[in-house]
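Results of the structural survey
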Amino acid sequence: MKISTTVSSIPTSPTLAVTSKAKALKAQGKNVIGFGAGEPDFDTPEHIKQAAIRALENGFTKYTPVGGMVELKDAIVYRTSEDYGIEITPENVVVSCGAKHSLFNLLLTILSPGDEVICPSPYWVSYPPIIRIAGAVPVIIDTTENNMRLEAAQLKESITKRTRAIIINSPCNPTGTTYTRKELEKIAEVCLENDLMIISDDIYHKIVYSGSEFSSIATLSRELTERTFIIQGVSKTYAMTGWRIGYCIGNAEVISAMTRLQSQSTSNPTSFAQAASIEALKGPQDTVEDMRKTFEKRKAIMVSMLSDIPGFELIEPQGTFYCFPSVKAHLDRFKTTSGLADFLLEKALVAVVPGEGFGSPDHIRLSFALHDENIVDGLNRIKQALS
Ligand code: PMP
Ligand code: GLU
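Residues numbered from 1 in each chain as written. Chains lettered and ligands numbered in written order. Predicted model: local features only at pLDDT ≥ 70, side-chain atom pairs only at ≥ 80, totals over all residues. Heavy atoms only, no water.

**Some words on the sheet that holds strand 9 (residues 322-323)**
- Taken in spatial order, the three strands of this open sheet run 9-12-11, and their pairing is antiparallel. In this open sheet, the two strands that pair with only one neighbour each are strand 9 and strand 11 (353-354).
- The sheet contact formed by strand 11 and strand 12 (residues 364-367) spans two bridges and is antiparallel. Its bridge partner being in strand 12, Pro354 is matched across the sheet by Ile364. (Pairing = 2+ DSSP bridges. Helix = DSSP H or I, 4+ residues; strand = E, 2+ residues; numbered from the N terminus.)

See the structure below:
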């Protein structure tokens, strides 16, 4: 059968591919240690699960409004005020089936064929494919030589007449780079001068380590709030990746157009997952900090052990649950990071994500969403296999 030119040109998400490969080997009884998964290993907190159970028991099993229930939008307005200190209204919110879906709807709504979108690399694997699906062009700015941080001057050089938007992801998947308010102010200045829309993917905003602080470009001024689209969701903050609830906050006219697009594809996000998300956003928040603290301890183990593996060079992550070391010293032997990842899976039964999909052919990504003892065992296996 003939596959469309659009779909023929996009790869499978490499993060999901590695995760499913590791799961398949585990199912065969192999003792695989998975550093692939981009999801918290914790269970969804009990009070959130109970809210979904109550919703089901009360028969909350029908369609809801396309862009999300009124009560969920109110909860998002509340959480945004708490976390960002900005005041929005329900008209600024559309809820979708995960933050990836929110981003998909947003890019399809704001981009026309030939438009350019700036993506600092390393970037999250799904940005360029979604931009291409929208018929637009991802313009990649490599920040590898600049400590994985985008500078305003670099941004300025990459802007053309066709540039419409930039994607900022801080804390960044895969690098952990977390921009300071000062850095964002400089980037914002260039965006304002060039009338760019800003997409701020803030999905890791609660996973930030001591010494760093989360800032969002959306909060810098009223003008910036108005031209920024915040991508958020419950996946990472509340360990709810399987529930598939994400949302976008931004200009009411664009939000309404996104809702129209969604009305012709998925309709509403799942009813009882929305009920659970209300509890997540408005209920007790102590589990969020508990998870962050656990990730911070694991990060310390990762940083110390990775720096002990010959040929691995790491910039310490300031947020997220990923490390993204350069493995350039091993590429004479393995040619590509995919080659290295295949070797590690076969020889050491350790799953890592190759850097190519992140626009970074010299790095690999290791998620530390796994128990301390598995981290230690897995990193020892890598060290041994490469020695
Ligand atoms: N943005 C980034 C940077 C991510 O890492 C992810 C991965 N989960 C998402 C968006 C999408 O999250 P979800 O669809 O699970 O809400
Ligand atoms: N965002 C996660 C990751 O980067 C989940 C996988 C995905 O959505 O691609 O691994």
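**Let's talk about the site of ligand 1**
- Every one of the 13 residues lining ligand 1 counts as a neighbour, but Ala99, Asn173, Asp201, Tyr204 and Lys236 are closest to it.
- With respect to ligand 1, the side chain of Asp201 contributes an N or O atom lying 2.6 Å from a nitrogen atom.
- Here an oxygen atom of ligand 1 and a side-chain polar atom of Tyr204 are 2.7 Å apart.
- Class assignment of the residues belonging to the shell around ligand 1 gives a composition of five nonpolar, four polar and four charged. (Near = heavy atom within 4 Å. Polar contact = N/O pair within 3.5 Å; in protein donor to acceptor, adjacent residues only side chain to side chain. Nonpolar A, V, L, I, M, F, W, Y, C, P; charged D, E, K, R; others polar.)

**Re the side chain of Gln232**
- Note that Gln232 resides in strand 7 (residues 228-233).
- The class of Gln232 is buried, set by a relative accessible area of 1%.
- Within polar-contact distance, the side chain of Gln232 engages the side chain of Tyr84 at 3.1 Å.
- In terms of polar contacts, Gln232 uses its side chain to reach the backbone carbonyl oxygen of Asp202, at 3.1 Å. (Buried < 20%, exposed > 50% of the residue type's maximum accessible area, 1.4 Å probe, protein only.)

**As for the environment of Lys328**
- One can find Lys328 in the loop between strand 9 and helix 13 (331-334).
- For Lys328, a relative accessible area of 54% puts it in the exposed group.
- Each C-alpha atom of the pair Lys328 and Ile187 lies 30 Å from the other, and the pair is 141 residues apart in sequence.

**Side note on the site of ligand 2**
- Neighbouring ligand 2 are Ser13, Thr15, Leu16, Gly38, Lys100, Trp124, Asn173, Lys236, Tyr322 and Arg365.
- Contact between ligand 2 and Trp124: an oxygen atom at 3.1 Å from a side-chain N or O atom of the residue.
- Contact between ligand 2 and Arg365: an oxygen atom at 2.8 Å from a side-chain N or O atom of the residue.
- Its free accessible area being 280 Å², ligand 2 has 87% of it covered by the protein chains. (Areas by Shrake-Rupley, 256 points an atom, 1.4 Å probe, with all protein chains shown as cover.)

**Thoughts on the packing of aromatic side chains**
- By the definition in use, this model includes 10 aromatic pairs.
- Geometrically, the ring pair formed by Tyr84 and Phe214 is edge-to-face, given 5.9 Å between the ring centres and 90° between the ring planes. Placement of the pair is Tyr84 in helix 4 (residues 70-84) and Phe214 in the loop between strand 6 (197-201) and helix 9 (222-227), with a sequence separation of 130 residues. Of the two residues, Tyr84 and Phe214, neither departs from the other in class, the shared state being buried.
- Taken together, a centroid distance of 6.4 Å and an interplanar angle of 70° make the contact between Phe295 and Phe368 edge-to-face. Here Phe295 is found in helix 12 (residues 286-306), whereas its partner Phe368 is found in the loop between strand 12 and helix 15 (372-386), with 73 residues between them in sequence.
- Residue Phe295 is classed as buried on the basis of its relative accessible area of 1%.
- When its relative accessible area of 0% is taken as the criterion, Phe368 is described as buried.
- Members of the aromatic cluster, connected to one another through ring pairs, are Phe42, Tyr204, Phe295, Phe321, Tyr322 and Phe368. (Phe/Tyr/Trp six-rings, centres within 6.5 Å; stacked < 30°, edge-to-face > 60°.)

**Some details on the pairing of strand 12**
- Both faces of strand 12 are covered, namely the face carrying Ile364 and Leu366 and the face carrying Arg365 and Ser367.
- Pairing geometry for strand 9 and strand 12, over two bridges, is antiparallel. If you follow Cys323 over to strand 12, its bridge partner there is Leu366.

**Describing helix 10 (residues 252-263)**
- Over its 12 residues, helix 10 runs 16 Å from end to end, which matches the ideal 16 Å to within 8%, given 1.5 Å per residue.
- Buried within helix 10 are the following residues: Val254, Ile255, Ala257, Met258 and Gln262. End-on view of helix 10: buried residues confined to an arc of 160°, all on one side of the axis. Structural note: helix 10 exposes Glu253 and Arg260 on the side pointing more than 90 degrees away from its buried face.
- Residues of helix 10 that are buried make contact with strand 2 (93-96), helix 5 (99-110), strand 7 and strand 8 (246-249).
- Regarding helix 10, its N-cap is Asn251, as a side-chain oxygen of that residue lies 2.9 Å from the backbone nitrogen of Glu253 further along. (Expected span 1.5 Å × (residues − 1). Arc of directions from axis to C-beta. Contact = heavy atoms within 4.5 Å.)

**What to know about the packing of helix 4 against helix 11 (residues 271-282)**
- The interhelical angle for the contact between helix 4 and helix 11, taken along N-to-C directions, is 25°, at an axis separation of 9 Å. With respect to each other, helix 4 and helix 11 are oriented roughly parallel. You can see that helix 4 and helix 11 cross each other, and the crossing is left-handed. Residues Glu71, Leu72, Ala75, Ile76, Tyr78 and Arg79 of helix 4 form the contact with helix 11, whose own contacting residues are Gln274, Ser277, Ile278, Leu281 and Lys282.
- For the contact of helix 4 with helix 11, the class distribution of residues is six nonpolar, two polar and three charged. (Axes fitted to C-alpha atoms, helices over the stretch in contact; angles between N-to-C directions. Parallel < 35°, antiparallel > 145°, perpendicular 65-115°, else oblique. Left-handed = near helix turned anticlockwise from the far one by under 90°.)

**Examining the sheet that holds strand 4 (residues 137-142)**
- Taken in spatial order, the seven strands make up an open sheet running 2-8-7-6-5-3-4, and their pairing is mixed. Every other strand in the sheet has two partners, leaving strand 2 and strand 4 as the edge strands with one partner each. On average, each strand axis in the sheet is inclined to that of its neighbour by 20°, with strand direction left out of account.

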